[in-house]
Structures are given as structure tokens and as C-alpha cells.
Amino acid sequence: MVKNGHEAIPEIQYVPSEAGAVGVEVMTIAELRRRMHRHGEAEGARDAEGAGRAQRPDFHLLLTVEQGLLWHMVDFTDHAVTDGTWLWVRSAQVQRFGDLSASTGTLVLFRPDFLDPATATDVRLDDPFGRTLWQITAEDAPALRRALDHLAHEYGTTRVPAPTRSAILQRLLAVLLLRLTHSAAPAGTPPAEHTETFQRFRAAVETNFTWARDVGHYARVLGYSPRTLTRAALAAAGVGAKEFIDRRVVLEAKRLLAHGDEPVASIGVRLGFLDTSNFVKYFGQRTGTTPAAFRSRYRPARTGR
């Protein structure tokens, strides 16, 4: 399933079971708990109850609870996942499992490159600020359940040739994600005229935010005016282009501060600040606290729930 990397925040790679080698894996919460208990810290487990430590997977994780309550932390927000809710942890987000013994449900793990490009775009697969928690209405729940059950059934069927099985699972995962993301239009869905512009801007920010924080840079690289990028970001994310960039930088700073032991100065350099005082000022203006104070305040949650 997964294994630890060696970064300050453990990087968890997609290492599937034989059945999940196609790029997607379906399992129950009970099965995940057994795996985490069996592999211990090598899988991010903290104790026999299945509570995990913070980790950053290189795959997507889709989770739904059928009975009980599961607390799950995603990028500094604790989410209560109960019956009727779905949780989507995107690749590279920082997550931490709560007590896995308190609920039953299903997880779907999949590589970012498993979906076809059209579906990936439609469900905003690579959006670092994409919606995490989905509350499903009674009207939409049966269709989502059928989509999940169909995916799980075909995942358990290994008698068809591998290429055929992969194609079937890719399409069924697409159905599930499209059903989920269109069950209720998430806030910040951009008008059609801004969609392509924002997608290109968002992708460029994700690639370059550690050294480029100026809207003008992205405007020049992408061939838009700064005003066009700001309009697209406002339509899609509810904030201007500069604020979108800054939020991505601050999010990464928080991840590194809260989940690793790297010095503040080194984190600043990693995020493009050669002068530590500039990093401290930048972080303070956008969070109301210093990097050191944020780290000390958040650290108790590392051994938390």
C-alpha cells in the first residue's frame, strides 16, 4: 500500500497490493487499520487503535464512513467524517488519521495519473485548495453508493485481462468522482470563460510558488495580463491572484513548520526567502504570528487526538 519517504514530513508513496497495481485500490477502514497495525510506523501508524501521524501521500485518498465517526486532519483542519459525508485528500496534502476503530467505511486510493485528462480537469484533481469535505444529500447518496459499490466489485474481479480491468476501473472511478463533485456545486466554481485561465495559473503556481511570488511573473510566463489572472482567480477561488499565490506559500510553510524539525531559516530558504527576517515578516503579516510561535502552538496536536 504505502511506505515512508525521508522528508521532514514523511512522503508516503503509492505502493499498492497486487490487485491495486493498476493505479487504484479499494479497501475498508478495517482493512486499513489492520495494515497500519501490522506495519507500524512504516505505514504511519501511531498505536494499536489506528491513529496515525502526519504524512504527505503522493496519491489521492477518497474516504466515506458508513457507521460511526472518524476524525481526519487535512492541512491543519480536523474534519468529522460521519455517515453521509465524503472526504477527499488530494495528492501532496498533509493528512493524519484519527481513531480508525471508531467507524466502518470504505477508502479509494488512486494515483494522480490514473484518471483520464478530461475527467481530471472536470473534477479539479490538482487543485491544492480543492474542497475536502462533502456532505451528501439523501437524494444524491444512493447514486454515489451504487458508483462506489460498482467500483469495489470490479476492483475485486481479477479474471479479466489487466488492460481491460484498468480501463474499467478508470471509468468507474471517473463516474464516482463526477457524481461526488457534481452532487453539490462547490463554492468557487469558475465561470466557463475563466476556467482555462485559472487552471493554467493554478498549475504554474503549484510548480513555481517556492521561488516566484509575483503576479507579473505568472502573467509574463502564461501570456496574460495581471488583471486577467486576478479576475480568473477571483471567479474561481474567491481571492485575487496575489492572495492565491501567498496562500499557497503560507500553506507550505505551515506544513513544514508543524510536521518537521527543519529550522525556520531553512524553511524560509526552501520557500525562496534568503533572508530569514523577510520570511518571518511575510509569514507574520499573513498569519498574525511568527513561524516559531505557530510551530510551538501546533506541536501539541502532533501527539493529539
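This text follows the structure it describes.
Read on for a plain summary of the structure. Predicted, not measured: the structure shown is a model, and the values here were computed from it. (Residues numbered from 1 in each chain as written. Predicted model: local features only at pLDDT ≥ 70, side-chain atom pairs only at ≥ 80, totals over all residues. Heavy atoms only, no water.)

Here's the deal with the nonpolar core
Ranked by size, the top nonpolar core spans 36 residues in total, and within it Phe198, Phe201, Val205, Tyr218, Leu229, Leu271 and Phe279 carry the most contacts. For this core, the secondary structure elements donating two or more residues are α5 (192-208), α6 (215-222), α7 (226-237), α8 (241-259), α9 (264-270), α10 (276-287) and α11 (291-298). Apart from the residues within four sequence positions on either side, Phe279 is in contact with Ala253, Val264, Ile267, Gly268, Leu271, Phe273 and Pro291. Residues Ala120, Leu144, Tyr155 and Leu176 belong to the second largest nonpolar core, which totals 27 residues. (Core = buried A, V, L, I, M, F, W, Y, C linked by side-chain atoms within 4.5 Å. Buried < 20%, exposed > 50% of the residue type's maximum accessible area, 1.4 Å probe, protein only. Helix = DSSP H or I, 4+ residues; strand = E, 2+ residues; numbered from the N terminus. Contact = heavy atoms within 4.5 Å.)

Considering α11
Of the positions making up α11, those classed as buried are Pro291, Phe294, Arg295 and Tyr298. Viewed along the axis of α11, the buried residues span an arc of 100°, placing them on a single side of the element. Opposite the buried face of α11, at more than 90 degrees from it, the exposed residues are Ser296 and Arg297. Tucked into the core, α11 has its buried residues touching β6 (70-74), β9 (95-97), α8, α9 and α10. (Arc of directions from axis to C-beta.)

Focus on the sheet that holds strand β11 (residues 133-135)
The antiparallel open sheet is built from 5 strands, whose spatial order is β3-β10-β5-β8-β11. Only two strands of the sheet have a single partner each, and these edge strands are β3 (24-28) and β11. The sheet shows a mean angle of 15° between the axes of neighbouring strands, direction not considered. Relative to strand β10 (residues 103-110), strand β5 (residues 60-68) runs antiparallel, the two being bridged by 8 bridges. Bridging from a neighbouring strand, Leu61 pairs with Leu109 of β10. Strands β3, β5, β8 (85-89) and β10 of the sheet are contacted by helix α3 (residues 141-155), whose axis makes an angle of about 105° with β3. (Pairing = 2+ DSSP bridges. Axes fitted to C-alpha atoms, helices over the stretch in contact; angles between N-to-C directions.)

Description of the pattern of salt bridges
Tallied over the entire structure, the rule returns 18 salt bridges. Note that Lys242 and Asp246 form a salt bridge whose closest N and O atoms lie 3.2 Å from each other. Taken together, the residues Lys242 and Asp246, both in helix α8 and 4 residues apart, mark about one turn of the helix. Residues joined in a network through salt bridges with shared partners are Glu11, Arg56, Asp75, Glu206, Arg248, Glu252 and Arg255. (Salt bridge = Lys/Arg side-chain N within 4 Å of Asp/Glu carboxyl O.)

No statement about biological role is implied by the geometric values presented.
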